[in-house]
Amino acid sequence: MKRNQIEDGRISQHTKGLGTVTQEMVMARAREIALINGRSSHHLSPADVAQAKKELTGVDNAETAEERLPTSERWDPNHGSEGHEGPMVPAHDEQTDAEKLVEEGVAEAEHDQMVEGTRESLRRGE
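Note that this is a predicted model, so its numbers are computed, not measured. Numbers given for residues are sequential positions, taken from 1 along each chain in its written order. Restriction of local features to residues with pLDDT of at least 70 applies here, the model being predicted, together with a cutoff of 80 or more for giving and counting side-chain atom pairs; totals for whole chains, interfaces and linings are based on all residues. With hydrogens and water stripped out, all remaining heavy atoms of the structure feed into the side-chain values.

Chemist: What's the story with the pattern of salt bridges in this structure? I'm lost.
Modeler: Working definition: two side chains of opposite charge can pair if their charged atoms are close together. Definition used for salt bridges: Asp or Glu carboxyl oxygen within 4 Å of a side-chain nitrogen of Lys or Arg. Within the structure shown, the criterion is met by six salt bridges. When the shortest N-O distance is used, the salt bridge between Arg29 and Glu108 registers 3.1 Å. With Arg29 in helix 1 (residues 23-36) and Glu108 in helix 5 (residues 95-124), this residue pair connects regions lying 79 residues apart in the sequence. As far as the burial class goes, Arg29 and Glu108 line up, both buried. A run of DSSP states H or I qualifies as a helix once it reaches four residues; a run of E qualifies as a strand once it reaches two. Both are numbered from the N-terminal end. Throughout this description, buried means an accessible area under 20% of the type-specific maximum (1.4 Å probe, protein chains only), exposed means over 50%, and partly exposed covers the range between.

See the structure below:
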């Protein structure tokens with residue numbers, strides 16, 4: 001069953017509500033990822049940007065099956081099908097929000113420790 005997209009993505013970052021993810025936020029996160037991976041924050045790879053976007057939005061940039069179809073085949077109003085009942089999407093479970101915040105906090109703390117550890121190593125000249 002398809003997950004509810006409302007539940008995807010980050011809720012907070014550095015103990016502040018995240019809100020709408022902007023391109024600047026993605027690029028700042030990508031610079032941190034590059035630094036953690038031992039590269040200059042000025043030399044970002046496409047993988048750094050993709051990972052940052054996935055971390056912040058919870059959305060992978062993988063192309064869907066519908067996007068791979070030619071435009072002419074995406075929707076045919078007279079294709080002859082009677083249709084079928086759509087899947088049931090469960091209601092949002094608010095109890096999981098607290099769990100998600102804790103998991104995000106732990107992941108964010110781990111990310112911050114890696115960034116600071118890398119910066120400290122660079123200061124020492126290691």
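Continuing now.
Chemist: Teacher, can you tell me more about the packing of helix 1 against helix 2 (residues 46-57) here?
Modeler: The angle between the axes and the distance between the axes are what describe a pair of packed helices. Here the axes come from fitting lines to C-alpha atoms, over the contacting stretch only for helices, and the angles between their N-to-C directions go from 0 to 180 degrees. Where helix 1 meets helix 2, the closest approach of the two axes is 8 Å, and the angle between their N-to-C directions is 120°. Accordingly, the angle class assigned to the pair helix 1 and helix 2 is oblique. Relative to helix 2, the crossing made by helix 1 is right-handed. From helix 1, Met25, Val26, Met27, Arg29, Ala30, Ile33 and Ala34 reach across to helix 2, where they touch Asp48, Val49, Gln51, Ala52, Lys53, Glu55 and Leu56. The nonpolar class holds Ala, Val, Leu, Ile, Met, Phe, Trp, Tyr, Cys and Pro. Asp, Glu, Lys and Arg form the charged class, and all remaining residues, Gly among them, are polar. Counted by class, the contact of helix 1 with helix 2 contains nine nonpolar, one polar and four charged residues. Angles below 35 degrees are treated as roughly parallel, those above 145 as roughly antiparallel, those between 65 and 115 as roughly perpendicular, and all remaining angles as oblique. In this scheme, a crossing is called left-handed if the near helix is turned counterclockwise away from the far one by less than a right angle; it is called right-handed if the turn is clockwise. Contacts between residues were defined by any pair of non-hydrogen atoms, one from each residue, lying within 4.5 Å.

Chemist: Sorry, what's going on with the packing of helix 1 against helix 5 here?
Modeler: Between helix 1 and helix 5, the least distance of the axes is 9 Å, while the angle of their chain directions is 55°. Looking at the two axes, helix 1 sits oblique to helix 5. The handedness of the crossing between helix 1 and helix 5 comes out as left-handed. For the pair formed by helix 1 and helix 5, the contact residues are Arg29, Glu32, Ile33, Leu35 and Ile36 on the first element and Glu108, His111, Met114, Val115, Thr118, Arg119 and Leu122 on the second.

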